[in-house]
Structure formats: C-alpha cells, structure tokens
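# Structure at a glance
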Amino acid sequence: MSRPLADMTWPEVEGPRRILLVPVGSFEQHGPHLPLDTDTRIAAAVAAHAHRAFPQADLGPAVPYGASGEHAGFPGTLSIGTEALARLVTELARDASPRWPTLVIVNGHGGNTDALRLAAGVCAQEGRRLLVHHLDVPGGDAHAGRTETSLLLHLAPAAVLLDLAEKGATEPLPALMPRLRAEGVRTVSPNGVLGDPAGATAAEGARLFQSLTRSLLDRLNDELR
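Keep in mind the model is a prediction, meaning the values are calculated, not measured. (Residues numbered from 1 in each chain as written. Predicted model: local features only at pLDDT ≥ 70, side-chain atom pairs only at ≥ 80, totals over all residues. Heavy atoms only, no water.)

### Describing the packing of helix α1 (residues 38–53) against helix α7 (residues 202–223)
- Two elements in contact, α1 and α7, have axes separated by 9 Å at closest approach and are oriented at 50°. Considering their axes alone, α1 and α7 lie oblique with respect to each other. Pair α1 / α7 crosses with right-handed handedness. Across from I42, A45, V46, A47, H49, A50 and A53 in α1, the residues of α7 making contact are F209, L212, T213, L216, L217 and L220. (Axes fitted to C-alpha atoms, helices over the stretch in contact; angles between N-to-C directions. Helix = DSSP H or I, 4+ residues; strand = E, 2+ residues; numbered from the N terminus. Parallel < 35°, antiparallel > 145°, perpendicular 65-115°, else oblique. Left-handed = near helix turned anticlockwise from the far one by under 90°. Contact = heavy atoms within 4.5 Å.)

In structure tokens:
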C-alpha cells in the first residue's frame, strides 16, 4: 500500500511519478463549536481517501494556512493572504513539476479561490500542469453551519462542541458577500457562523464526505486514463 510522502524516505520516491495531491485549507474561526483547522481537516481527509483509492496519486502534506482576511476579527485566525498563497502554490508547482507531471490542489476553503486561480494562470503560462479541485457541496451553507458541522461530526466528532453550536447569519451568501468583503465576517455574524448547524449529524456528514470524495476520484480517474 502506498504511503503519504511525509512517511516516505527519498529512495522510496525514486522512479516515475504521475500525480501529486496537496490539500490546501485555512486556519480560521469556525463559530463557537468547530475547530480552527476545519477546512484543512476536511481537505486533508478527502485527499487521503483519494490517495488510498488511487495509490498512483502521491499525497503531500497539507498547507494549513490560506487567505482568510475576512475572518481577521476573530481571535485565532491566521491568514497568509491571497498574494502569499498564490506564490506558495506557484513555487510548489515549479519544484514538483520535474517529478510529478500533474499537481492537484484539493482546496477546502472558498477564500483561497482567487489565489489558486492566480497560481493556475502562472503555471499555465509556464507549461506546468496545475489542477485545482474545489470541495463544493451543492446547496450547502457557507461557513460553520450544518454542512461543515456534519462533516466534522463524521471525521472528528471529539473536536465538535455541539452544545455550543448556534445559528448565525442565514441569508444567501451572494446577498451577504458585499458586506463580508467590505466589513468582514464578524460584523455580519458576531458568532462567526454563516448558516445554521441545527440538525447536523454524523450520518449526514458521511454522505457529504462520500460525495466530496467521489467528485475528486472522478477527477483523478479522468487524469489517470
């Protein structure tokens, strides 16, 4: 069975490789009930599942920091911002490309989108293959609501303080986005939740996780044909 790169020695990495998976998340507030590394945990779990299903795809360590400036009003949030994240991923792709023809970023945080788009553009200009796979849940709430709470109840139930879970701002994200960009999350939702965690269950989280992993596996299957 193939192991994550972090557990391997350099001689084990010798020989032709094909795909490198790198989860990218964030370190930011997720309401009063979810851990600061929620996005990274989810991205890392999805990537690890895909690696086990497709050992031809090597698994790199997760990038735990992202572009989280909109959460800066909450203690604990650590953000490197769009420019730095774009540069980090670009340099990672440059360094990986001689051995791995394709780098797949498994992105667990919506705030990283602009950075990853910039990195993908630079890599395309340089002839490097960087694919960005966003972990999207159609119809899910935006942040620390039922969707992410269910996923964490499935992946890391001991990390969820369910008795502290509470409703936040529940307006659709497009309606909230102008204020989020201009004023930050704390002004829009003092508890940091964009959605409502009520009704979250581990069973629902398992179904959501299966959907997320299936989407990534389908993408990898296309690449490995």
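Moving on from the model shown.
### Side note on the sheet that holds strand β1 (residues 19–24)
- Strand order in the open sheet made by the 4 strands is β2-β1-β3-β4, with parallel pairing throughout. Edge positions in the sheet fall to β2 (57–59) and β4 (129–134), since each has one partner strand and no second. Along the sheet, successive strands turn relative to each other by an average axial angle of 25°, direction set aside.
- Examined bridge by bridge, β1 and strand β3 (residues 102–107) share 6 bridges and lie parallel to one another. Pairing of P23 across the sheet is with V106, part of β3.
- Of the strands in this sheet, β1, β2 and β3 are in contact with α1, which crosses β1 at around 160°. (Pairing = 2+ DSSP bridges.)

### Brief notes about α7
- The first and last C-alpha atoms of α7 sit 31 Å apart over 22 residues, in line with the 32 Å expected at 1.5 Å per residue.
- For α7, the set of buried residues is E204, G205, L208, F209, L212, T213, L216, L217 and L220.
- Turning to α7, the residues buried within the fold contact β1, α1, β3, β4 and α4 (146–155). (Expected span 1.5 Å × (residues − 1). Buried < 20%, exposed > 50% of the residue type's maximum accessible area, 1.4 Å probe, protein only.)

### What to know about helix α3 (residues 113–125)
- When the terminal C-alpha atoms of α3 are compared, their 19 Å separation across 13 residues agrees well with the 18 Å that a helix rising 1.5 Å per residue should span.
- Buried within α3 are the following residues: A115, L116, A119 and C123. In a view along the axis of α3, the buried residues occupy a sector of 90°, so they form one face of it. The outward face of α3, more than 90 degrees from its buried face, is lined by the exposed residues R117, A124 and Q125.
- Those residues of α3 hidden inside the fold are in contact with α2 (81–96), β3 and β4. (Arc of directions from axis to C-beta.)

### Focus: the nonpolar core
- Of all hydrophobic cores here, the largest spans 32 residues; its most connected members are L21, V46, V104, V106 and L220.
- Contributions of two or more residues to this core are made by β1, α1, β2, β3, α4 and α7.
- With 7 residues, the single largest contributor to this core is α1.
- For L220, the contacting residues outside a window of four places in its chain are I19, L21, A50, F54 and V104.
- In terms of nonpolar packing, the next biggest core, distinct from the first, is built from 21 residues, M8, W100, L116 and L130 among them. (Core = buried A, V, L, I, M, F, W, Y, C linked by side-chain atoms within 4.5 Å.)

### Digging into the environment of W100
- Here W100 is to be found in the loop between α2 and β3.
- We classify W100 as buried; its relative accessible area is 11%.
- Along the primary structure W100 and A43 are separated by 57 residues, whereas in three dimensions their C-alpha atoms are 20 Å apart.
- Within the local environment of W100, its side chain forms a polar contact with the side chain of D58, the two groups lying 2.7 Å apart. (Polar contact = N/O pair within 3.5 Å; in protein donor to acceptor, adjacent residues only side chain to side chain.)

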